[in-house]
Amino acid sequence: MRLFGAALPNAAMLIMTPPDRVQSLKPPVSIHYILEAVREQLVIARDNGVAYFDVHGAMGGPGSMARIYRAGLADDMVHFTEKGGRYMGGRIASALWSGLARWLEANPTAGCSKL
């Protein structure tokens, strides 16, 4: 992040967590290192003042990959199907547009040149 920030000081950055992964369906048990990565990435984003999107949380949190797999949105409890990718992509796009709308409401003259 420091390297990119130094090279492109005006560039926006977004940290996205990994999706949930489960070791088994009954009961759905999330893989521990995914949960650790989610926690660590939030701290890194806060410490560096960059945007953060919790893919893991948007899926439904620990064990959610089992539900997504059963719904046919994942092939193997790791990789999304095309339909699953569209669903999660929509969640991400919606969050980005909502954040932009909130920012524009707070900064109504952003991007306007002074004539």
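A quick note: this is a predicted structure, and the numbers were derived from the prediction, not measured.

## Some thoughts on helix 5 (residues 82-106)
Okay, so step 1: The end-to-end C-alpha distance of helix 5 is 36 Å, a good match for the 36 Å that 25 residues give at a rise of 1.5 Å each.
Okay, so step 2: Check the buried side of helix 5 and you find it contacts strand 1 (14-16), strand 4 (51-53) and helix 3 (55-59).

## Concerning the nonpolar core
Okay, so step 1: Judged by nonpolar contacts, the single largest core of 13 residues is most densely connected at Val22, Phe53, Val55, Met59, Met65, Ile68 and Met88.
Okay, so step 2: Looking at this core, the elements with two or more residues in it are helix 3, helix 4 (64-70) and helix 5.
Okay, so step 3: Beyond its immediate sequence surroundings of up to four residues, Phe53 is in contact with Leu14, Ile15, Met16, Thr17, Ala58, Arg91, Ile92 and Ala95.

## Focus on a nonpolar patch on the surface
Okay, so step 1: There is a patch of nonpolar side chains on the surface, built from Trp97, Leu100, Trp103 and Leu104 and spanning about 450 Å² of accessible area.
Okay, so step 2: Relative accessible area serves as the criterion here: at 46%, Trp103 is assigned to the partly exposed category.

## With respect to the pattern of salt bridges
Okay, so step 1: In total, this model carries one salt bridge according to the counting rule given.
Okay, so step 2: Taking the shortest distance from any N to any O, the salt bridge between Arg86 and Glu82 comes out at 3.1 Å. Of this pair, Arg86 and Glu82 both sit in helix 5, separated by four residues, roughly a single helical turn.
Okay, so step 3: For Arg86, a relative accessible area of 54% translates into the label exposed.

## Remarks on the pairing of strand 2 (residues 22-25)
Okay, so step 1: As paired strands, strand 2 and strand 3 (residues 28-30) are joined by two bridges and run antiparallel to one another. Residue pairing across strands places Val22 opposite Ser30, the latter belonging to strand 3.
Okay, so step 2: Between strand 2 and strand 3, which pair antiparallel and follow one another directly, the connecting turn spans two residues.

## Here's the deal with the confidence of the model for the chain
Okay, so step 1: Averaged over every residue, the pLDDT of the chain is 91; residues scoring 70 or more account for 98%.
Okay, so step 2: For the chain, strand 3 is the element with the lowest average pLDDT, namely 74, and strand 1 is the one with the highest, namely 96.

## What to know about unusual backbone geometry
Okay, so step 1: Positive phi is not limited to glycine here, since Met77 has a value of about 65°.
Okay, so step 2: Within the secondary structure layout, Met77 lies in the loop between helix 4 and helix 5.
Okay, so step 3: With a relative accessible area of 16%, Met77 lands in the buried category.

Definitions and limits used
Residues numbered from 1 in each chain as written. Predicted model: local features only at pLDDT ≥ 70, side-chain atom pairs only at ≥ 80, totals over all residues. Heavy atoms only, no water. Helix = DSSP H or I, 4+ residues; strand = E, 2+ residues; numbered from the N terminus. Expected span 1.5 Å × (residues − 1). Contact = heavy atoms within 4.5 Å. Core = buried A, V, L, I, M, F, W, Y, C linked by side-chain atoms within 4.5 Å. Buried < 20%, exposed > 50% of the residue type's maximum accessible area, 1.4 Å probe, protein only. Patch = residues over 30% accessible without salt bridge, like charges linked within 9 Å, V, L, I, M, F, W, Y side chains within 5 Å. Areas by Shrake-Rupley, 256 points an atom, 1.4 Å probe, with all protein chains shown as cover. Salt bridge = Lys/Arg side-chain N within 4 Å of Asp/Glu carboxyl O. Pairing = 2+ DSSP bridges. pLDDT = per-residue confidence, 0-100.

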